[in-house]
Amino acid sequence: MTTVDRFYGVKPDHDIQSVLKALDKGQITQEDADILSRFVADMRVTRNVTHRRVLKLISTLVGWRRYIGPFLDVTIPELYRGIERLKNAKSDRGTPFTEQTLYDFITIIKQFFRWSNEEGFTDIDEKKLSRIKNPVRATTKTHNDVFTPQEVIKMLESCRNS
């Protein structure tokens with residue numbers, strides 16, 4: 001566990017608990033839980049993803065189940081329909097999803113299905129999966145949001161005077 005995870009109080013087994021909680025709530029099936037567990041274990045070892053990223057992967061994939069069926073039964077037409085439903089859906093706060101959220105959801109589901117194809121769990125056509133375009137990410141910063149070199153120097157000088 002990283003220092004950041006300890007600082008924010010992320011527990012080492014929180015990922016397993018997240019999957020079990022989703023299973024208990026009926027958000028995912030037992031097969032979904034099994035494949036999610038295998039996916040995140042693989043991501044940890046082969047891609048060295050952090051614990052926080054594992055939690056993001058689990059959260060996003062569990063969230064996907066509102067828009068598609070059980071992972072092992074998804075076909076490319078169902079995935080296309082799920083993406084359309086996601087794009088038109090509202091968050092728990094009743095607002096449309098941001099471009100960043102849509103980007104994350106689509107990137108993660110494509111990563112997941114590429115992995116599940118490689119592992120032999122699904123047979124979604126890779127060419128069709130590759131043709132799914134991610135939404136354009138909105139820029140979160142403009143040039144007005146970034147400090148100028150003069151502002152940085154001024155801040156540093158005020159630190160020296162303190």
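Report follows, based on the coordinates. (Residues numbered from 1 in each chain as written. Predicted model: local features only at pLDDT ≥ 70, side-chain atom pairs only at ≥ 80, totals over all residues. Heavy atoms only, no water.)

Another aspect to go through is a nonpolar patch on the surface. Residues F147, V152, M155 and L156 make up a contiguous nonpolar surface patch of roughly 360 Å² in combined accessible area. When you line up the elements, V152 lands in helix α8 (residues 149-160). V152 sits in the partly exposed class, given a relative accessible area of 34%. (Patch = residues over 30% accessible without salt bridge, like charges linked within 9 Å, V, L, I, M, F, W, Y side chains within 5 Å. Areas by Shrake-Rupley, 256 points an atom, 1.4 Å probe, with all protein chains shown as cover. Salt bridge = Lys/Arg side-chain N within 4 Å of Asp/Glu carboxyl O. Helix = DSSP H or I, 4+ residues; strand = E, 2+ residues; numbered from the N terminus. Buried < 20%, exposed > 50% of the residue type's maximum accessible area, 1.4 Å probe, protein only.)

With that settled, consider the environment of I109. Relative to the assigned elements, I109 resides in helix α6 (residues 99-118). Residue class for I109 comes out buried when judged on its relative accessible area of 0%. When the C-alpha atoms of I109 and W64 are compared, they prove to be 7.8 Å apart, with 45 residues separating the residues in sequence.

In this section: helix α4 (residues 51-64). The terminal C-alpha atoms of α4, which comprises 14 residues, lie 20 Å apart, in line with the 20 Å expected from a rise of 1.5 Å per residue. With 10 of its 14 residues buried, α4 lies for the most part within the structure. Buried within α4 are the following residues: H51, V54, L55, L57, I58, T60, L61, V62, G63 and W64. (Expected span 1.5 Å × (residues − 1).)

Quick look at the nonpolar core now. Counting residues in hydrophobic clusters, the biggest one holds 36 residues, and the most contacted among them are L61, W64, F71, L79, I109, F112 and F113. Secondary-structure elements contributing two or more residues to this core are α2 (14-24), α3 (30-47), α4, α5 (76-88) and α6. Broken down by element, the residue count for this core peaks at eight residues, all from α6. Residues within four places of I109 in sequence aside, it is in contact with L61, W64, I68, F71 and L79. (Core = buried A, V, L, I, M, F, W, Y, C linked by side-chain atoms within 4.5 Å. Contact = heavy atoms within 4.5 Å.)

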